[in-house]
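# Geometric and topological summary
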Amino acid sequence: MKSKLIEKEDRIRPDGLSKVTGSLQYLTDLTFPDMLYGKVLRSKYPHAKILSINTEKAEAIPGVEAVLTYKDVPGMNRFGIIIPDQPVFCEDRVRYIGDAIAAVAAQSFEIAEEALKHIEVVYEELQILDSPDKSLRPNAIRLHPAGNICHRSSYQNGDVQQAFEECVAIVEETYELPRQLHAYMETEGGVVVPEENGGITVYAATQHGFKDRFQISRILGIPESMIRIVSNPIGGSFGGKDEQNIQPYASLLALATKRPVKIHNTRQESIRASIKRHPMKITVKTGTDSTGKILAHQVKIIADKGAYTTLGPAVLDFSVEHAAGPYIIPNIETEGISVYTNNGVSGEFRGFGGNQITFALEGQMDRLAEVLKIDPIEIRRKNLRTTTDLGPLGHRIAPTDGASLVLEKVQKLSKQLKKDYKDSLWKRYGTGIAITMHGGGLGFGRLDSAGGRISLNKQGEIEISFGFEECGQGLLSVIENLVIEEIGCSQQDVKIVIGDTSVVPISGSSTASRGTSIVWQSLQKMKGPFKEKLCKYVSDATSICKEELYLGPYGIWKVGKEDGPFMTYKECAEGIVDQTVLTSFHFPVTPDAVNGGHFLYTFGGVKVDVEVDLLSGKVKVLSIDHVISAGPIVSPKGYIGQIEGGGVMSLGYTLLEDMKMINGQYATTNFDSYLIPNIVDVPFDTNVFAIEDLVEGDSYGPRGVGEIGTIAIIPAVVKAVHDAIGCWVSKLPISSEEILENIESKGMLTWI
Amino acid sequence: MVNQIEPSITSSPIIWVPSTIEEAIELKRKFGSKAEFVSGSTLLQLQWMNGRKIPENIISLEQISKLKEVQIDEDKKTLSIGASSQLSSYKTDRLLKNFPIICEALKSIAAPAVRNRGTIGGNIMGGVGDLIPLFLALKAKLLVHDEKESELVDFWEWLQHSQRKNQTLLSTIHLPIIKECANSYSFYKKIGRRETFTAAILTVSGSIRWDDHGVIEEAKLALGGGDNKPFLLENTEHKMIGKKGEEIDWKSVFESITSEIAPADDAFVSVDYRKKVAANLMIAALQSKFTVISNGKEESSYEV
Amino acid sequence: MDINNTVLHNGLTIKDKQTINLNLMINGEKYILKTSPTEKLVNILRDQLQLVGTKISCGIGRCGACSVLLDGDLVNACLVMAYQVNGKSITTIEGIGGVSIDEVQEAFLLEGGFQCGYCTSGMIVAVKYLLSMCPNPTEADIKEALSGNLCRCTGYGGIIRAVQRLANANNYSKDID
Ligand SMILES: Cc1cc2nc3c(=O)[nH]c(=O)nc-3n(C[C@H](O)[C@H](O)[C@H](O)COP(=O)(O)OP(=O)(O)OC[C@H]3O[C@@H](n4cnc5c(N)ncnc54)[C@H](O)[C@@H]3O)c2cc1C
Ligand code: FES
Ligand code: FES
C-alpha cells in the first residue's frame, strides 16, 4: 500500500496561521467578564494526617470570594480515570506534596495566593514511604485501605527455570529509569463558566473531553448533560493532561461564586501537582544458546506509582506486554508490580511504559551480543518475529512484517558511515542501534470506543467531527488530509469540529496513538453512505442518475461535465434533509481474551552516533536516524514532527531529565534545574525514514505515530556510549559521573 | 471578622533612577539597607521570587551612562569594562570583540534574551556569576565606590576580605592587557548539566605566563560558577611556578587541585565529581598549551 | 539631585507608593498605563492589555515563551519590570507581520516549525531577532540564538528547517545583489 500523499506536502495545517501569528486563543488565554482567579492549596508534607483546617482568616481577606475544602464538595470527593482514589480535597490525610487541601477564588491571582498563606492547616507528620522498597516492607504503613500494592501484572509462557539450564550465555542486569516531566509548555489551566441552567462550561485542556465530563459530574453531583467541556486547543500534553488537574477546583469555585473562575498553574504549581512518567526498576535475566537464540527471559518490573492510581495499572500492563518486544522468546516470565508511595503521582506518558521496558530489553540484546561476540543486528535478527507470528502475549495480532523491514533498514544505515568521527585527545565516538514494537489503542478488555460524524452543514461545508483534541500532534491536518482524500472535496469545503462535548460524537481519548487510526477507519465506514446521501439528494432533485454523480471540489460533479460542480455543496445544503452519517465502533482489538493485548502494532528503529568527553564524562548525541513502520503517511510534516519531537523528548530522558524526589519532595521545581533538551542538544543531522508498506491485505490503514519515535532511541544512545568507551549504563539519565569513573578506571586519563 | 489582614502584596518599591555614580551613592547612603542597587535585575528577580525580600527602594543604575563604557588605556595597558555593560556586549562592543576569552565567557552565560538584560557588574556583584573565576584568573581590579571613598581594589583580595560588599557600587572592572601574547595563555571552561543555558556545575579559568625558556613565571587558576564559592587555587599555582611544562608532575597537580578546592554539592552533582572535572579541565587546558610550547620549540630547532 | 522629587530621571512619575504612570509603545501604538513599577511586562501584556499572543510557561527566564523585542532587542517579558520599559518600544508576536504574514511566520508554516504552538510566538520573535542581527545564520548561529527558547513538541527539527530556509533565501538574494 503506497500513499498518494506526497502532493499534500505543502498543505498548511488548519491551525497553522493562528499559531504563527499568535492569534490563537488557548484556554489559558481566555478571560470572561466578572472573572475570578483561583489558586489551590497543596500539602506541605508528603505524608501526614490533617488534624484541622481553618479557612477563616483567608476568607476575611478583601477580594477573596470563596474558600473551599472537602466540606464543600457536593458529589464524590474523588477522581481518577480507572479507580477514583485521589481526593479532590483531602479530608484527614495527605499522601504526597501535590495533594489539594483547599481552593480560593479571589479578585486576582495575587490575592488568591496571599489567601492560601492564611489557611491554617494543622498536620501530624507520618512516616514517608519514598520508594517502592519502603512501601513493600511488611510493617510499612498502609497508604490505601487495600495496602500498598496498586497493581500486579504478569505473563508466563514455557518454563524459564528449565530453559536457563540449557543456556550458553546468560546476562542479568537491573535497569533503573527516572521520573520524567511531560513539560508541555502550556501549564494546566483554563476557565470554568457557570451557566444559567445551573450547569457549567469547562474550558480546560484534556485528552478526553467526555471522560472529564463524567469525572466532573461525579464530583459536582450534577448530571453530565449540564456540563460542557471545551478542550481545544492545547499547548502540549503528551499524556500529562489526561487526568483531572485544575478542572475540579475551577468548577467547584465557579459554582460556589456563580462567577467564571480561571486557574492557570505556574510552572512550580504544575510540577508539584502533575502526573509524571513512572520511575521503574526492571531486573532482567536473559539466556541464549550459542548462536544467540534467546531461550529464556525473566523480567521483574517494579513501578513507583506515587500516591494515587490514575492510569498506572494500564501502564504496567503495557510494560509487561512489551517485555519481549518484537522477539519470539519460547520461555518467558514477566512479573510487574506497581507500588504506592508518597512520591508524586505517576501516570500516563507518551510511550506508556514501552520506553522503560524497551530500554531493558534492548539493553539485554546488546549485552548478550557482546558476550557472544555476535553483531548486535544479527542477534536481533535471529530472534525477530515474522509476519504471522503471535503477539508478545501469545495473542493474535494483525499480520505485520514491520519488525524485519525496520531492522533491515537500520542495518543499511549503520553500514553507511556518515561522518568519519576520529577519536581526538579528549573525545571518543560510538554508534548504537535499537529497535522496538509498540501497540496502538487501549488493548483487550478496555472500553475503547471509537467513532466520528460527517455531515453537510447549513453553510454548505462538509463538517467532520470527532471527540478528539488537538494537543499539537497535528490531528487537524490528519483529519483534513483524509477527508480531502476520501471524499474528494477541496480544502475550503472542509470544516472540522473537535474538542467540545456539546457538539462532538464519542471517539474515545486522544491517546495511545489512536487518533490517526480512528479518523481513517471512521472515514472508511462513513464515506460511502455520506456520498450516497448527497448523490441521492442531487439525483432526486434533478433526476440525473445517481451513478453519474460524484463528490468533488466545491460540490457534486457529473461525469462528463468537467468545468465545474453540477451542484455546489451550498446549493445542496439548502435542500437536503438527510445529510449526516455517524459511525461508532470498537478500536480493533485482538480476538484473544488477553488483558491489555493489542492488535495493531508499529515498529521503530534508531541509529545514533555519540561523542563522549573524557574530561567530564558528558555524552553528546551527534546524529539520529529514525526508521518507522506505521503504515502510510497521512500528513508528512506531522509524521516527521511526531518522530523527531518524540525522539528529542527521549533524548532528554536518556541524557538530562530526572524529576528527582528526595524525602517525597521534588528536588527541582522549574526549568532552571529540570533540564529538557534545548536546540543545542539536538543534532541537526537527524533523519526520519518511513516504511509505508503494510502487508498484503491489511485493511487497518495508517497507524498513529505519536509514541513510536520515543522508544528505541533510549537504548540506542546507551549502546553508542558503550561503543565509544566500553561501559554499560543501566541507570538513566546517563550519569556523567558514572561515565567519568569508568574513564578513570580504564586509565584513559594519564594523571589519575 | 475583626482581625482584617492587610495583604502584603500591594506594597511595591520606590524606583530611583540616578544618572551619576555620585547620586547613586548618595541614595544608598540615605536608605542604607532599605535600598538595593539594580542593574539588569535578572538575578534579583529570581531571588525575589525565591523569597528574598524586595527592598523598599530600588536604585536603578540603568541611566548612569558612565557605567556602560568599555575602554582601553594604552598607557596603563588595561581594559576597563563598565559594570552596566550587558552580557551581550561581546556581540556589539567593538573593543570587547578583540578579547576572545571574554567573549567566550559571556557567551556561556544564560541565553541571548537574558544576556540582553543582565550585566557584567551584576554577574560579579551577585556573587555566583560565571565571570568571577574568569576575572580572578585574569587578575582583575575593581573600581568600587561607597559613601566614604572610591578605590581600585584587587578583585581576589576584595572578594575575600571586604565586609561591605552590599554597600558598594561597582563601576568598572580593570583587566591588565598582556601584549606579548606568545608567552602567555589563558583559558575558560564552563560545564553544566546541559550543553548550554544552564547553571554551571563548575566554571574554571586560568592564566599562565612563562619566560623565554618556557619557565612558568605566573599562574592563576580559579574555580567558581553556580553554587561554587569563587576560589583561587593558590597552592596549586605555587606548585607550577618556576617549572617548565615538561617538569610538571600532572598527577600531583591533580592531587593538589582536588584537595585544594571545596566545590558545592546538590541533588544532582556530587562534590567528588566536581573536584575531578575541575582538575581534568584545568590539566587538559594547561597540557594542551604545553604540548604546543614544546612542539613549537622543536619546530624552531629544526629551523636553526 | 533632589531625591524627594517625584519626577524621576527617566520620566517616571510616582503616583503613590504603589503605582506609576507607564508610557510605552507596543507594536507601534502608544499606551499609558497605571501599574506597579515592578509589575512584569508579561503580565502587563497578557492581563492588562489582553495581548495573549505572548505566552508564559516558566516565569523565570528559562523557556523563552514570553520572548518579545524591547527596542529591537530580544528579552524575556517575564524578566522585565514595568519601570524598565518606560518610554520604550515593545514588539510582540502580534506586531510581527502586517497585512500579510512575515517571512518568518511563513517559513514556520511551510516547514512545520511548530506543533502545539505554545512556544511559537516566542520562537518566531527570537528568529526575527536572529535574522535582524545575522541574515544568513550558520548552524552555530542558530544554536546560539535559539538556545533560550524551549520547544517540547517539535524536537526543533521543523524550526531549524524554517530558519535554514530563510537563511538560504537571504543568501540567495545576497548573491543576486
Ligand atoms: C534565566 C537565567 C539564566 C541565568 N544564567 C546564568 C548563567 O548561566 N551564568 C551566570 O553567571 N549567571 C546566570 N544568571 C544570573 C544573572 O542573570 C547574571 O549573573 C547577570 O549577569 C546578573 O546581572 P544583572 O544586571 O541582571 O544583575 P542584577 O540582578 O541587577 O543584580 C545582581 C546583584 O548585583 C548587585 N549589583 C548589580 N549591579 C551592581 C553594581 N554596578 N554595583 C554594585 N552592585 C550591583 C545587585 O544589587 C544584586 O545584588 C542567569 C539568570 C537568569 C534569569
Ligand atoms: S515565561 Fe518567560 S522565559 Fe519562560
Ligand atoms: S510547538 Fe509545542 S512547545 Fe513548541
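Reading the values: rules and limits
Residues numbered from 1 in each chain as written. Chains lettered and ligands numbered in written order. Predicted model: local features only at pLDDT ≥ 70, side-chain atom pairs only at ≥ 80, totals over all residues. Heavy atoms only, no water. Domains from an automatic or database assignment. Pairing = 2+ DSSP bridges. Helix = DSSP H or I, 4+ residues; strand = E, 2+ residues; numbered from the N terminus. Near = heavy atom within 4 Å. Polar contact = N/O pair within 3.5 Å; in protein donor to acceptor, adjacent residues only side chain to side chain. Areas by Shrake-Rupley, 256 points an atom, 1.4 Å probe, with all protein chains shown as cover. Axes fitted to C-alpha atoms, helices over the stretch in contact; angles between N-to-C directions. Core = buried A, V, L, I, M, F, W, Y, C linked by side-chain atoms within 4.5 Å. Buried < 20%, exposed > 50% of the residue type's maximum accessible area, 1.4 Å probe, protein only. Contact = heavy atoms within 4.5 Å. Buried area = accessible area lost by both parts, 1.4 Å probe. Salt bridge = Lys/Arg side-chain N within 4 Å of Asp/Glu carboxyl O. Nonpolar A, V, L, I, M, F, W, Y, C, P; charged D, E, K, R; others polar.

## Here's the deal with the domain arrangement of chain B
In terms of domains, chain B is made up of domain 1 (14-60), domain 2 (67-176) and domain 3 (184-295). Here the C-alpha centroids of domain 1 of chain B and domain 3 of chain B sit 35 Å apart.

## Focus: the pairing of strand E22 (residues 549-552) of chain A
Residue and element names in this part refer to chain A. One ladder, built from four bridges, connects E22 with strand E23 (residues 555-558); its direction is antiparallel. Bridging across to E23, Leu-549 finds its partner in Lys-558. Hairpin connection between E22 and E23: a loop of two residues separates the two successive antiparallel strands, and Tyr-554 in this loop has a positive phi of roughly 70°.

## Points about the site of ligand 1
Residues in close proximity to ligand 1 total 32 residues, the closest being B:Phe37, B:Ser39, B:Thr42, B:Thr119 and B:Asp130. In this structure, ligand 1 sits where chains B and C come together, each supplying nearby residues. Within the backbone of B:Leu43, a nitrogen or oxygen atom sits 3.0 Å from an oxygen atom of ligand 1. B:Thr119 places a side-chain nitrogen or oxygen 2.6 Å from an oxygen atom of ligand 1. Contact with the protein chains covers 95% of the free accessible surface of ligand 1, which is 970 Å². Going through the elements one at a time, strand E2 (35-38), helix H2 (42-49), helix H6 (120-125) and strand E8 (169-176) of chain B are the ones with two or more residues in the shell around ligand 1. It is H2(B) that provides the largest number of residues to the shell around ligand 1, a total of four residues.

## Some points on the sheet that holds strand E4 (residues 70-73) of chain B
Residues and elements named next belong to chain B. Ordered in space as E4-E5-E8-E6-E7, the five strands form an open sheet in which the pairing is antiparallel. Strands at the two margins of the open sheet, each flanked by one partner only, are E4 and strand E7 (150-154). Strand-to-strand twist of the sheet, defined as the mean angle between neighbouring strand axes without regard to direction, takes the value 25°.

## Focus on the nonpolar core
Among the nonpolar cores identified, the biggest contains 118 residues, and A:Ile282, A:Val608, A:Val610, A:Ile725, A:Ile734, A:Ile739 and A:Trp751 are the most heavily contacted of them. The element contributing the most residues to this core is helix H11 (residues 271-303) of chain B, with 11 residues. Ignoring sequence-local partners within four residues, the contact set of A:Val608 consists of A:Gly430, A:Thr431, A:Gly432, A:Val621, A:Ser623, A:Ile624, A:Ile713, A:Ala716, A:Val717 and A:Ala720.

## What about the domain arrangement of chain A?
Residues and elements named next belong to chain A. Assigned domains within chain A: domain 1 (27-126 + 185-236 + 241-273), domain 2 (280-443 + 592-745) and domain 3 (449-586). On a C-alpha basis, the centroid separation for the pair domain 1 and domain 3 is 38 Å. If you look at the interface, domain 1 gives 17 residues, while domain 3 gives 16 residues. Carbon and sulfur atoms make up 52% of the surface buried where domain 1 meets domain 3, a total of about 1,200 Å² over both sides.

## So, the interface of chain A and chain C
Facing 50 residues of chain A, the contacting portion of chain C comprises 44 residues. Together chain A and chain C conceal approximately 4,000 Å² of surface at their shared face, both sides included; 61% is due to carbon and sulfur atoms. In this structure, the connection of chain A to chain C is made through four salt bridges. Its salt-bridge partner being A:Glu657, residue C:Arg152 comes within 2.7 Å of it at the nearest N-O pair. Taken together, chain A and chain C are joined by 24 residue pairs in polar contact (both at pLDDT 80 or more). Here the side of chain A that touches chain C takes eight residues from helix H16 (residues 636-655) of chain A, the largest share from any one element. Within the side of chain A that touches chain C, the residues separate by chemical class into 22 nonpolar, 19 polar and nine charged.

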